[in-house]
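# Observations on chain architecture
Below, each chain spelled out in residue letters.
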Amino acid sequence: MICGMDVCVWKPLLATCGRDRTVRIWNYLEKTVDGVKVFKEEPHSIAIHPSGLYVLVGFTDKLRLLSLLMDDMRLVRELPVKACKEAQYSHGGHLFAVANQAIVQIFDAYTCEVKVQLRGHQQAVRSVIWAQRDRRLITVGKDGNLFLWEVRTGTRLAEFMQPRATFYAGALFGDAEVGQVVERVRRGALVGRDEAPPVDAEHRRRVQDDAHEFHEGHALVRRRLLGRRATTSCKGPELLRRE
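Cut-offs and rules
- In this convention, every chain numbers its residues from 1, walking through the sequence in written order.
- Side-chain atom pairs in this predicted model are given and counted only at pLDDT of 80 or more, local residue features only at pLDDT of at least 70, and totals for whole chains, interfaces and linings cover all residues.
- Working from all heavy atoms in the structure, the side-chain values ignore hydrogens and water.
- A helix here means a DSSP run of H or I that spans at least four residues, while a strand means a run of E at least two residues long, and both kinds are numbered starting from the N terminus.
- Note on exposure labels: buried denotes an accessible area under 20% of the residue type's maximum, exposed denotes more than 50%, and partly exposed covers the range between, all computed with a 1.4 Å probe on protein chains only.
- The contact criterion used is simple: two residues touch if any of their non-hydrogen atoms lie within 4.5 Å.
- With residues, only the protein chains shown are counted as cover, and all accessible areas are computed by Shrake-Rupley using a 1.4 Å probe.
- To pair, rings of Phe, Tyr and Trp, with the six-membered ring standing in for Trp, must have centres within 6.5 Å; the planes then decide the type, stacked if under 30 degrees apart, edge-to-face if over 60, and tilted in the middle.
- Working rule: Lys NZ or Arg CZ, within 6 Å of ring centre, within 35 degrees of ring normal, means a charge sits over the ring.
- By the convention used here, strands pair only if DSSP detects at least 2 bridges between them.
- The axes are straight lines fitted to the C-alpha atoms, using for helices just the contacting stretch, and the angles between their N-to-C directions are given from 0 to 180°.
- The term polar contact refers here to a pair of N or O atoms within 3.5 Å; inside protein, the definition further demands a hydrogen-donor-capable atom paired with an acceptor-capable atom, and it admits residues adjacent in sequence only when both atoms are side-chain atoms.
- Counted as salt bridges are all cases of a side-chain nitrogen of Lys or Arg within 4 Å of a carboxyl oxygen of Asp or Glu.
- Across the chain, each position has a pLDDT score giving the predictor's confidence in that residue, from 0 to 100.
- Any residue with relative accessible area above 30% and no salt bridge may belong to a patch, with like charges joined within 9 Å and the nonpolar Val, Leu, Ile, Met, Phe, Trp and Tyr side chains within 5 Å.

We now examine the overall build of the chain. Helix and strand counts for the chain stand at one helix and 21 strands. By the burial criterion, 46% of the 243 residues in the chain qualify as buried. Sequence-distant contacts in the chain: of pairs separated by 6 or more residues, those separated by 24 or more amount to 39%. Accessible surface computed for the chain: about 13,400 Å², of which carbon and sulfur atoms make up 50%.

The structure is reproduced here in structure tokens:
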């Protein structure tokens, strides 16, 4: 059974870890296995660096940073994070976020020093999602909470709380402008919800253009994320989306 899986950004590589105590690196274009490493214990999670040169593997006792060589995976660093079940590299590869139970720690990918600690969840964090520009981070907890964070300062920008729900995963579209949380319903199906919060006229006037992206000669103006907090009842989440 596969316990974790991650896709490399810059190379056609797929990293997986399983209950057979192995970590495997796949080339999904050639449909081949480029590397296999067998460990003495079962890995819980895996994340591959955008360059395809390193992988983070979570074990019961520690989080291990491995270097991918031609025919081996060499241990580079061990971090004191126990039973890590969620880890994700940023899109630029200079940071990585680790779920340490109910706390999310953001490390420097080169020095392995803790830059920011994100506290707010009451139970284990199930999913960590980086925004496209690595400025914001979304965390999804087992406690039914979803938080949006400013990575540089560790400030909580927005939140969605639904204690009666159990969240298992999250997905993000754009630069933290649209969020979608996937929750398990009673029938066992996965339902994605995506609703916009009401925006009053005063708040609407405060929203300013903060970035311009150019694609095929056309200027695309992206709106700044609504900075206020959003809470909702059990009728459904009020998440963040474009104005």
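What follows concerns the packing of aromatic side chains. Under the definition given, this model contains four aromatic pairs. A cation over an aromatic ring shows up here: Arg 64 above the ring of Phe 59, its NZ or CZ 4.9 Å from the ring centre. In this structure, Arg 156 is placed above the aromatic ring of Phe 147, and the distance from its NZ or CZ to the ring centre is 4.2 Å.

Moving on, we get to the pairing of strand 8 (residues 73–79). Within a regular strand, side chains alternate between the sheet's two faces. With six bridges joining them, strand 7 (residues 63–68) and strand 8 adopt antiparallel strand pairing. Among the inter-strand pairings, Leu 63 is bridged to a residue of strand 8, identified as Leu 79.

The sheet built from four strands is open, its strands ordered 1-2-3-4 with antiparallel pairing. Looking at the sheet topology across the chains shown, the edges are occupied by strand 1 (2–7) and strand 4 (32–38). Adjacent strand axes in the sheet meet at a mean angle of 15 degrees when their direction is disregarded. Relative to strand 3 (residues 22–27), strand 2 (residues 13–18) runs antiparallel, the two being bridged by five bridges. Paired with Ala 15 across the strands is Ile 25, a residue of strand 3.

As for its position among the elements, Glu 159 is in strand 16 (residues 155–161). On the basis of relative accessible area, Glu 159 is assigned to the buried category, the value being 10%. Engagement of the side chain of Glu 159 in a polar contact is seen with the side chain of Arg 156, the distance being 2.7 Å.

Under the definition given, this model contains eight salt bridges. A salt bridge links Glu 42 to Arg 19; the shortest N-O distance between them is 3.9 Å. Separated by 23 residues along the polypeptide, Glu 42 in the loop between strand 4 and strand 5 (45–48) and Arg 19 in the loop between strand 2 and strand 3 bring together distant segments of the chain. Classification of Glu 42 by relative accessible area gives partly exposed; the value is 28%. What emerges from the salt-bridge pattern is a single network uniting Glu 41, Asp 61, Lys 62, Arg 64 and Glu 78.

What follows covers unusual backbone geometry. Phi angles above zero are rare outside glycine, and Ala 83 is one such case at about 50 degrees. Looking at where Ala 83 falls in the secondary structure, it is placed in the loop between strand 8 and strand 9 (87–89). Here Asp 134, not a glycine, exhibits a phi torsion of approximately 65 degrees, which is positive. Mapped onto the fold, Asp 134 is located in the loop between strand 13 (125–130) and strand 14 (136–141).

With that settled, the discussion passes to the confidence of the model for the chain. Averaged over all residues, the pLDDT of the chain equals 76, while 71% of them reach at least 70. The model gives residues 178–243 a pLDDT under 50, and that stretch makes 142 contacts with residues more than four places away or in other chains.

Judged by side-chain polarity, Trp 26, Val 33, Val 36 and Val 38 come together as a nonpolar surface patch covering roughly 330 Å² of accessible area. No other element matches strand 4, which puts three residues into the nonpolar patch. If you trace the backbone, Val 33 turns up in strand 4. Judged by its relative accessible area of 38%, Val 33 falls in the partly exposed class.

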